[in-house]
Amino acid sequence: MSRFKDDFIWGAATSAYQIEGATNVDGRTDSIWDTFCRGKGNIRDYSSGEVACNHYENWQHDIGLMEQLGLQAYRFSISWSRIMPNGCGEVNQAGIDFYDRLIDGLLEKKIKPYITLFHWDLPQSLEDRGGWQNADIARWFGEYAGVLSERFSDRVENWFTLNEPQCFIGLGYHVGSKAPGLQLDVKESLQALHHSLLAHGHSVRALRSNAKNPIKVGPVQTGTVAYPFENNPAYKEAAYRATFNVHGSNEDNHGYYQWKVPVNPLWNFAWYADPIFLGHYPEQGLEVLGNKAPKFTDQEMEIISEPVDYCGLNLYSGFPVVADAECGWYAKERPLGNPLTAFKWSMTPEIMYWAPKFFYERYKKPIYITENGMSAHDWLSDSDKVSDPQRIEFLKSYLKYYRRASDENLPIKGYFLWSLMDNFEWEQGYEERFGIIYVDFESQKRCFKDSAYWYQSCIKTKGKNLF
Ligand code: NOJ
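This part covers the overall build of the protein. Counting its regular elements, the protein contains 17 helices and 13 strands. Taking 23 Å as the expected radius of gyration for a compact globule of 467 residues, we find that the protein reaches 21 Å, a close match to that expectation. Seen along its three principal axes, the alpha-carbon backbone of the protein occupies a region of about 60 × 50 × 45 Å. The 467 residues of the protein split such that 61% are buried. Once local pairs closer than 6 in sequence are excluded, the contacts in the protein between residues at least 24 apart make up 77%.

Now the structure itself:
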């Protein structure tokens, strides 16, 4: 019987602003999300991450829950403004101490820490200096990464640089739905994005040069993955093109409708990943964008393409495509009433096979699924139970497709379920629950949902309970 490999890593993920709370204690300063949440109407339920899961105080209890789950690894992010209140320069020892305790606590329970350097909570002090629009950010981010490596690499082997530039630039600087809520034009946004790629490159160099022990590092990408409606060579080719082609404008969308975000070059895989893994922006993209493309030098491309060890993919939803003689491909309409999550994202487990396959074909790097999961409107029953059968079905079917990638010997290294626990879902506030652990935000009580028990047995059986 096919199975996941023995060294496959089973984990779960969170991020700092979504769970930590304690936003103004021990020297932490505002991030752009603190500011954005204060803006009227920016967050659906008028909430913020000020308390969230209060993980800053509950971290020991939370590690206990991870141990109970049987997690082998935990992916979390570091709050930049806890470590460097001004974004650069002075280092805040109290911030370092918190992550020291967390890392030691995880290692004590034999849970491998996987650190994400940046998960959207840019220090407000740096946004005030232009944020990702200021080319100096590459240097600031390098400095920050160097500090983290210096302090934590004696114990932490695995690192991720930037989480989903597609979101924090595309939605934060262009669409404006995420912090800092800017609506720059495509050209300005692509220049900011270029700075984020440069920041990635600087951070890889800094992590390596300050490392106390050998480390591994890679970026985390997202995007909408296309998959062939039927598995034949023409549809496969069409899906590959739909996944990696850069779209110049909203008009050029070939029926790309599901995500209800404007289709633009900022929501795409290749524009971000080609520079990192192949050392250049995609030719097709440069052609489509013309004078909207960013300014860059060969020397910058060298920094951006500093070799990395793996690629992290956050996979939630995709869309089926068919080949089309005129346009190359088009998105196949979904049947009415197709399965949707609470967020109204379509359930498309096929992407767990096709995305790793396409990524490996293009970039030849090992792959982690760094996020996958679904939001549901879960609640606690009278008997203190949370029944979430849809989430179990979702995870089962996504993992079955992921296992197919393993069966074909694609180098898939691990899986991080999003999320360990319910948390602050950005502009949706607390209305979208992604956790396998239920959190009562009033009492801070945690409770395993049925899906947590299911995942526990999945880890224990190395995925055999999928069948
Ligand atoms: C991706 C982001 O990295 C994470 O922060 C977010 O909560 C999930 N997607 C779900 O939207």
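Now, onward.
Here the focus is the site of the ligand. By nearness alone, 13 residues border the ligand, and Gln18, His119, Asn163, Glu371 and Glu425 come closest of all. Glu425 places a side-chain nitrogen or oxygen 2.6 Å from an oxygen atom of the ligand. Isolated, the ligand exposes 300 Å² of accessible area, and the fraction of that covered by the protein chains is 95%. In terms of residue class, the shell around the ligand is built from six nonpolar, four polar and three charged.

With their axes 11 Å apart at the nearest point, helix α10 (residues 186-210) and helix α12 (residues 270-278) run at an angle of 35° to one another. As for the relative orientation of α10 and α12, their crossing is right-handed in sense. Packed against α10, whose contacting residues are Leu190, Leu193, Leu197 and His200, the element α12 presents Trp271, Tyr272, Pro275 and Ile276 at the interface. Here the residues of the contact of α10 with α12 are counted per class, giving seven nonpolar, one polar and no charged.

Among the nonpolar cores identified, the biggest contains 145 residues, and Trp33, Trp132, Phe152, Trp159, Tyr415 and Tyr455 are the most heavily contacted of them. Sorting elements by how many residues they give to this core places α10 first, with 10 residues. The contacts of Trp159, once residues within four sequence positions are left out, are Ile115, Leu117, Leu148, Ser149, Phe152, Ser153, Leu207, Ile215, Lys216, Val217, Gly218 and Tyr310. Of all hydrophobic cores here, the second largest spans 13 residues; its members include Ala73, Phe160, Tyr310 and Phe434.

Residues that lie three or four places apart on an α-helix share one face, since the helix turns once every 3.6 residues. Most of α12 sits inside the fold, with eight of its nine residues counted as buried. Among the residues making up α12, those that are buried are Ala270, Trp271, Tyr272, Ala273, Asp274, Pro275, Ile276 and Phe277. After α12 finishes, the residue Gly279 shows a positive phi value of roughly 85°.

Turning our attention to the sheet that holds strand β9 (residues 328-331). One open sheet holds the three strands; their spatial order is β6-β8-β9, and the pairing between them is mixed. Of all strands in the sheet, those bounded by a partner on one side alone are β6 (225-228) and β9. Direction aside, neighbouring strands of the sheet carry axes that sit 45° apart on average. The sheet contact formed by β6 and strand β8 (residues 318-324) spans four bridges and is parallel. What sits directly across from Pro228, in β8, is Val321. Strand contacts of helix α11 (residues 233-244): β6, β8 and β9, with the helix running at about 125° to β8, the strand carrying the most contacts. Contacts between helix α15 (residues 351-363) and the sheet are confined to β6 and β8, with β6 contributing the most and set at about 105° to the helix.

On to the packing of aromatic side chains. Applying the stated criterion across every chain yields a total of 56 aromatic pairs. For the pair Phe244 and Phe359, a centre-to-centre distance of 5.5 Å together with 55° between the ring planes defines the contact as tilted. A residue pair is termed long-range when its members are at least 10 positions apart, and Phe244 in helix α11 and Phe359 in helix α15 qualify at 115 residues. A relative accessible area of 2% means that Phe244 is categorised as buried. By relative accessible area, which is 2% here, Phe359 ends up buried. Plain terms: the ring middles of Trp345 and Phe434 are 6.0 Å apart, the flat faces sit at 50° to each other, and that makes the pair tilted. Taken as a pair, Trp345 in the loop between β9 and α15 and Phe434 in the loop between β11 (412-418) and β12 (437-440) lie far apart in primary sequence, 89 residues in all.

With an omega of 5°, the peptide bond running from Ala179 to Pro180 counts as cis. Structurally, the position occupied by Pro180 is in the loop between α9 (170-175) and α10. For Asp26, which is not a glycine, the phi torsion comes out positive at approximately 50°. Judged by relative accessible area, which is 43%, Asp26 ranks as partly exposed. In this structure, Asn54 takes a positive phi of about 40° despite not being glycine.

This paragraph deals with the confidence of the model for the protein. Here the protein shows a mean pLDDT of 95. Residues at 70 or above account for 96%. Low pLDDT (under 50) marks residues 250-262, which in the prediction has 29 contacts with non-local residues, meaning those over four places away or in another chain.

By the criterion of burial, strand β5 (residues 216-221) is predominantly enclosed, with five of the six residues buried. Where β5 lies against strand β7 (residues 311-314), two bridges are found, and the strand directions are parallel. For Gln221, the partnering residue across the bridge sits in β7 and is Leu313.

Attention now moves to the environment of Asp45. The topology assignment puts Asp45 in the loop between α2 (32-38) and α3 (55-69). Taking the relative accessible area as the measure of exposure, Asp45 reaches 25% and is therefore partly exposed. Remark: the alpha-carbon pair of Asp45 and Gln428, spanning 383 residues in sequence, is separated by 7.0 Å. In this structure the side chain of Asp45 is engaged in a polar contact, spanning 2.5 Å, whose partner is the side chain of Ser47.

Criteria and thresholds
- Residues numbered from 1 in each chain as written.
- Predicted model: local features only at pLDDT ≥ 70, side-chain atom pairs only at ≥ 80, totals over all residues.
- Heavy atoms only, no water.
- Helix = DSSP H or I, 4+ residues; strand = E, 2+ residues; numbered from the N terminus.
- Rg over C-alpha atoms; globule rule 2.2 N^0.38 Å.
- Buried < 20%, exposed > 50% of the residue type's maximum accessible area, 1.4 Å probe, protein only.
- Contact = heavy atoms within 4.5 Å.
- Near = heavy atom within 4 Å.
- Polar contact = N/O pair within 3.5 Å; in protein donor to acceptor, adjacent residues only side chain to side chain.
- Areas by Shrake-Rupley, 256 points an atom, 1.4 Å probe, with all protein chains shown as cover.
- Nonpolar A, V, L, I, M, F, W, Y, C, P; charged D, E, K, R; others polar.
- Axes fitted to C-alpha atoms, helices over the stretch in contact; angles between N-to-C directions.
- Left-handed = near helix turned anticlockwise from the far one by under 90°.
- Core = buried A, V, L, I, M, F, W, Y, C linked by side-chain atoms within 4.5 Å.
- Pairing = 2+ DSSP bridges.
- Phe/Tyr/Trp six-rings, centres within 6.5 Å; stacked < 30°, edge-to-face > 60°.
- pLDDT = per-residue confidence, 0-100.

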